[in-house]
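# Structural features, examined
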Amino acid sequence: MVKLAAARLAVGAILGLMLAYVAWLKPADRFGIYHDDTLYFSSAQALAEGRGYIIPSVPGEPRQSKYPIGYSWLLSWAWRWNPTFPANVGGAIWLTAAFGCLYLAAAFLFVRGQGGAGEWTALVVTALCAFHPTFLFLASALLSDLPFAALALAAVVAAQAGLRPGGRWTAVVAAGLLAGLAASTRTLGVTVVAALVAFAVWKRRWR
């Protein structure tokens, strides 16, 4: 128990250091260089203003059909909290960085549950993920990659907990909700839903 508690404290320290590094990067200064981030954020503004899920930067303001609505809806809360641009970019980035924390926590739980890997192996893997340049890039940008990955991995962890012998039905419900949210951020999430259903059938726990 002490060992697990120490590992959890270490995970918390990793999350704190990751967030501190994201702050040091000053990611708001890089807003607009990826193109997709501007589309997500402008559609988020339209949602916050009640104009629907549209592309306001395109003449005629057509409906947004390139991305699912989930991530832009999340970002729309940054506009609701602070409608002043570009001051609200920082808040939106921190919403995305929070999904980085969810991903790392899910990664720790996932690795810890694989073949007796143990807390410290899971801790090392979590640290390697947290400070990988690609992960830090995604945690500090208004892109849907990391929210999708976090929701998908959290769905897998919940499904594993719920579908094992003696697992709780609430974990299965959580897995379904998380998988659905993953699909709302990227269409690839549909494959996550299908994979969880296939996993349940394979484990003969489909009920």
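Let me sum up the structure you'll find in this document. Predicted, not measured: the structure shown is a model, and the values here were computed from it.

## A word on the overall build of the protein
If you tally the helices and strands in the protein, you get nine helices and zero strands. Counting from the amino terminus, the protein carries its helices and strands in the arrangement α-α-α-α-α-α-α-α-α. A compact globule built from 207 residues should have a C-alpha radius of gyration of about 17 Å, and the protein, at 19 Å, falls within 12% of that. By principal-axis analysis of the C-alpha atoms, the protein measures approximately 55 × 40 × 25 Å. Counting every position in the protein, which comprises 207 residues, the buried fraction comes to 41%. Put simply, of all contacts in the protein between residues at least 6 apart along the chain, 66% involve residues at least 24 apart.

## Observations regarding the packing of helix 7 (residues 145-163) against helix 8 (residues 169-185)
It is the contact of helix 7 with helix 8, at a shortest axis distance of 8 Å, that shows an interaxial angle of 160°. In terms of orientation, helix 7 and helix 8 fall into the roughly antiparallel class. When you trace helix 7 past helix 8, the crossing you get is left-handed. For the pair helix 7 and helix 8, contact is made by F148, L151, A152, A154, A155, A158, A159, A161, G162 and L163 and by A171, V172, A174, A175, L178, A179, L181, A182 and T185, respectively. Of the residues assigned to the contact of helix 7 with helix 8, the class counts are 17 nonpolar, two polar and no charged.

## With respect to the nonpolar core
Core analysis: the biggest nonpolar cluster contains 33 residues, and F41, Y71, L75, A92, L142, V192 and L196 have the highest contact counts within it. Within the residue set of this core, elements represented by two or more residues are helix 2 (36-48), helix 3 (70-81), helix 4 (89-112), helix 7, helix 8 and helix 9 (189-202). In terms of residues, this core owes the most to one element, helix 7, which gives eight residues. Look past the residues within four positions of Y71 in its chain and what remains in contact with it is Y40, T96, A141, L142, L143, S144, P147, S184 and T185. Counting residues in hydrophobic clusters, the runner-up holds 21 residues, among them V11, V22, L138 and A139.

## Some remarks on the packing of aromatic side chains
Taken as a whole and assessed by the stated rule, the structure comprises twelve aromatic pairs. Ring geometry for F31 against F85: centres 5.7 Å apart, planes inclined by 65°, an arrangement best described as edge-to-face. Remark: F85 occurs in the loop between helix 3 and helix 4 and F31 occurs in the loop between helix 1 (2-25) and helix 2; sequence separation between them is 54 residues. With a relative accessible area of 22%, F31 lands in the partly exposed category. Aromatic side chains F41 and W79 sit 4.9 Å apart centroid to centroid with 35° between the ring planes, which places their arrangement in the tilted category. Of this pair, F41 sits in helix 2 while W79 is found in helix 3, placing the two residues 38 residues apart along the sequence. Judged by its relative accessible area of 2%, F41 falls in the buried class. A network of ring pairs unites the aromatic residues F31, F41, W79 and F85 as a single cluster.

Reading the values: rules and limits
Residues numbered from 1 in each chain as written. Predicted model: local features only at pLDDT ≥ 70, side-chain atom pairs only at ≥ 80, totals over all residues. Heavy atoms only, no water. Helix = DSSP H or I, 4+ residues; strand = E, 2+ residues; numbered from the N terminus. Rg over C-alpha atoms; globule rule 2.2 N^0.38 Å. Buried < 20%, exposed > 50% of the residue type's maximum accessible area, 1.4 Å probe, protein only. Contact = heavy atoms within 4.5 Å. Axes fitted to C-alpha atoms, helices over the stretch in contact; angles between N-to-C directions. Parallel < 35°, antiparallel > 145°, perpendicular 65-115°, else oblique. Left-handed = near helix turned anticlockwise from the far one by under 90°. Nonpolar A, V, L, I, M, F, W, Y, C, P; charged D, E, K, R; others polar. Core = buried A, V, L, I, M, F, W, Y, C linked by side-chain atoms within 4.5 Å. Phe/Tyr/Trp six-rings, centres within 6.5 Å; stacked < 30°, edge-to-face > 60°.

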